[in-house]
Every structure is written in C-alpha cells, then in structure tokens.
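What follows is the residue order along each chain.
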Amino acid sequence: MALIDLLDRLLTGGAVLTGDLVLSVADVDLVRINLRAVIHSIGPDSPAPW
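Quantities reported herein were computed from a predicted structural model and do not represent experimental measurements.

The subject of this paragraph is unusual backbone geometry. In the Ramachandran plot, alanine 26 falls in the positive-phi region, its phi being about 55° despite a non-glycine side chain. As for its position among the elements, alanine 26 is in the loop between strand S1 (15-25) and strand S2 (28-39). Owing to a relative accessible area of 72%, alanine 26 belongs among the exposed residues under this scheme. A positive phi angle, near 60°, is found at aspartate 27, a position not held by glycine. Within the secondary structure, aspartate 27 is located in the loop between S1 and S2. Judged by its relative accessible area of 80%, aspartate 27 is exposed.

This part takes up the pattern of salt bridges. In the structure shown here, the tally under the stated rule is one salt bridge. With a closest N to O distance of 2.9 Å, arginine 32 and aspartate 29 form a salt bridge. Overall, aspartate 29 belongs to the partly exposed group, its relative accessible area being 45%.

With twelve residues, helix H1 (residues 2-13) should cover 16 Å at 1.5 Å per step; its first-to-last C-alpha distance of 17 Å lies within 8% of that length. Little of H1 sits inside the fold, with zero of its twelve residues counted as buried. One or two steps after H1, the chain reaches glycine 14, where phi turns positive at roughly 95°.

Attention now moves to a nonpolar patch on the surface. Taken together, Leu21, Leu23, Val25, Val28, Leu30, Val31, Ile33 and Leu35 make up a surface patch of nonpolar side chains, about 700 Å² in accessible area. Only S1 and S2 provide two or more residues apiece to the nonpolar patch. Top contributing element to the nonpolar patch by residue count: S2, with five residues. In this structure, valine 28 sits in strand S2.

Procedures and definitions
- Residues numbered from 1 in each chain as written.
- Predicted model: local features only at pLDDT ≥ 70, side-chain atom pairs only at ≥ 80, totals over all residues.
- Heavy atoms only, no water.
- Helix = DSSP H or I, 4+ residues; strand = E, 2+ residues; numbered from the N terminus.
- Buried < 20%, exposed > 50% of the residue type's maximum accessible area, 1.4 Å probe, protein only.
- Salt bridge = Lys/Arg side-chain N within 4 Å of Asp/Glu carboxyl O.
- Expected span 1.5 Å × (residues − 1).
- Patch = residues over 30% accessible without salt bridge, like charges linked within 9 Å, V, L, I, M, F, W, Y side chains within 5 Å.
- Areas by Shrake-Rupley, 256 points an atom, 1.4 Å probe, with all protein chains shown as cover.

Everything listed here is a matter of geometry and, on its own, says nothing about what the molecule does.
Written out as structure tokens, the structure is:
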C-alpha cells in the first residue's frame, strides 16, 4: 500500500521531473537535451490547462 499512497500524494500535490542528457565524444558535447515534465491530476474542481 505504500506505493499507492505515494502515487496518490504525488498526483494530488503534483510533481516536476527534470533531467539533462549530454552526448559527447572526446570531451566535446555533441547533443544536449534538457527535459522537464509536470505531473498533476485534473479533476472536476480544477480546469484543464489547455
């Protein structure tokens, strides 16, 4: 039940996930990708963001 409680708490309050990905060869950065995602539940009390 701990995983279900954690997911419920994350979706109720929301969460922001961030990450960076860098591909490099010989200490030369070739590709850099920044990732950001917002996770939040939408219910009848809150309007949709779009």
